[in-house]
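What the coordinates show
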Amino acid sequence: MIILLSDPRVGAVPLHESGEALVHLDRSFGPARALVREGLAHRLAQAQGALPAGLAIRVVEGHRAVADQQSIIDAYSAEVCAAHPGISPADLDVLTSRFVSPVAVAPHVAGAAVDLTLVDVTGEELDMGTPIDATPEQSDGACYFAAAGISADARAHRDLLAEVLGGAGLVNYPTEWWHWSFGDRYWALVTGADAALHGPVDTAAVAA
C-alpha cells in the first residue's frame, strides 16, 4: 500500500532537527545547483559515483520556500477540484498529496528532497516514462514509480535510480519517480527511524 504525505502517520513522526546547513550542489548535478541539506548532498555524490560510466544524475530542484510550496498546492488543488466536482476537503487533501506535500511535512521545504532524473554523457535526459512533474492526471498514473505500461528502457532507468539512490540511503515518494529524500518525516516513517532529522528551513541557513 502506498503511504501518502497526507497520512497522519507522517505528521506524527517526531522531529529532532539536525541543524545541518543548506549547500548548493556542484555542477556535476546540472545547472540548477539546487540547495539541499549537507548530508543529502554527500549521499547524492555517493549515488552519482555508483552509476555506470557515461550516466549522471541531474537535479532540477531541491529546497523550496514555503510560499512556493503553497503555490504548487493551490494550483494542483484547483486541477483536482476541476477533475472531481464536489470533492470533500478531506479527499481533496489526499488526492493533492499524490503530487505535492502539505507544507507542514514537505520534504522540499526541509531541504531534504530533490527532484531528479538521469542524463547521458551529452546531457540528454534518458527515457524515464514521463517528464518530471507529470501529474497523475496528465500521465494516467505513469508518474508512479512502479507504474505498468512504461517502456522497458524507462523501467530499467527507474530501477537504476532506485539501486543507486536507495543504496545511498534515500527513499522515493512512490507517486513521483523523480522525488527522492533523506532525513525528512516521510523518510523516517518509511525507514523506521526514530525521528526525522530535518524540518522546515529557510535560505538563511545556506552554508558559505
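Residue numbers restart at each chain and count upward from 1, following the sequence in its written direction. The predicted origin of the model limits local features to residues at a pLDDT of at least 70 and limits the giving and counting of side-chain atom pairs to 80 or more, whereas totals for whole chains, interfaces and linings rest on all residues. Side-chain metrics in this entry use all non-hydrogen atoms of the structure; hydrogen atoms and water are not considered.

Think of a salt bridge as a Lys or Arg side-chain nitrogen and an Asp or Glu carboxyl oxygen that are within 4 Å of each other. According to the stated counting rule, one finds 6 salt bridges in the structure shown. Overlapping salt bridges bring together Glu-61, Arg-64 and Asp-115 as one network.

Turning our eyes to something else, we now look at the nonpolar core. Membership of the largest hydrophobic core comes to 48 residues, with the highest contact counts inside it found for Leu-44, Ile-57, Leu-116 and Leu-165. Listed by contribution, the elements that provide at least two residues to this core are helix H2 (38-49), strand S3 (56-61), helix H3 (66-83), strand S4 (113-119), helix H6 (152-167) and helix H7 (185-191). Not counting residues within four places of it along the chain, the set of residues in contact with Leu-44 comprises Leu-25, Phe-29, Ile-57, Val-114, Leu-116, Leu-165 and Leu-170. Definition of nonpolar core: a set of buried residues of the types Ala, Val, Leu, Ile, Met, Phe, Trp, Tyr and Cys, connected through side-chain atoms within 4.5 Å. Any residue under 20% of the maximum accessible area for its type is buried, any over 50% is exposed, and the rest in between are partly exposed; the area is computed with a 1.4 Å probe on protein chains only. Elements are defined by DSSP. Helices are runs of H or I of four residues or more, strands are runs of E of two residues or more, and each kind is numbered from the N terminus. We call two residues contacting when some pair of their heavy atoms lies within 4.5 Å.

All right, on to unusual backbone geometry then. The phi torsion of most residues other than glycine is negative, and most of the peptide bonds are trans. Residue Asp-133 is not a glycine yet carries a positive backbone phi of 75°. Examined against the element boundaries, Asp-133 turns out to sit in the loop between S4 and helix H5 (136-139). Its relative accessible area of 38% is what places Asp-133 among the partly exposed residues. The phi dihedral of Asp-140 falls on the positive side, at around 55°, and the residue is not glycine. Exposure remark for Asp-140: the relative accessible area of 74% places this residue in the exposed category.

So, on to the packing of aromatic side chains. For this analysis, a ring pair means two rings from Phe, Tyr or Trp (six-membered ring only for Trp) whose centres lie within 6.5 Å, classed as stacked if their planes differ by under 30 degrees, edge-to-face if by over 60, and tilted for the remaining angles. Taken as a whole, this structure holds 4 aromatic pairs when the rule is applied. Seen from their ring centres, Tyr-173 and Tyr-186 are 5.1 Å apart, and the 90° between their planes marks the pair as edge-to-face. Separated by 13 residues along the polypeptide, Tyr-173 in the loop between strand S5 (171-172) and strand S6 (179-181) and Tyr-186 in helix H7 bring together distant segments of the chain. Its relative accessible area of 2% is what places Tyr-173 among the buried residues.

Okay, the sheet that holds S3 next. Should DSSP find at least two bridges between two strands, the strands are regarded as paired. One open sheet holds the 4 strands; their spatial order is S3-S4-S6-S5, and the pairing between them is antiparallel. Of all strands in the sheet, those with a lone pairing partner are S3 and S5, marking the two edges. Taken together, the 2 bridges between S5 and S6 define a ladder with antiparallel strand orientation. Following the sheet pairing, Asn-172 is matched in S6 by Trp-180. Here an angle of 0 to 180 degrees is reported between the N-to-C directions of two axes, which are lines fitted to C-alpha atoms, with helices fitted over the stretch in contact. H6 rests against S3, S4 and S6 of the sheet, and its axis sits at about 130° to S4.

Note that all results are geometric; they support no functional claim without further evidence.
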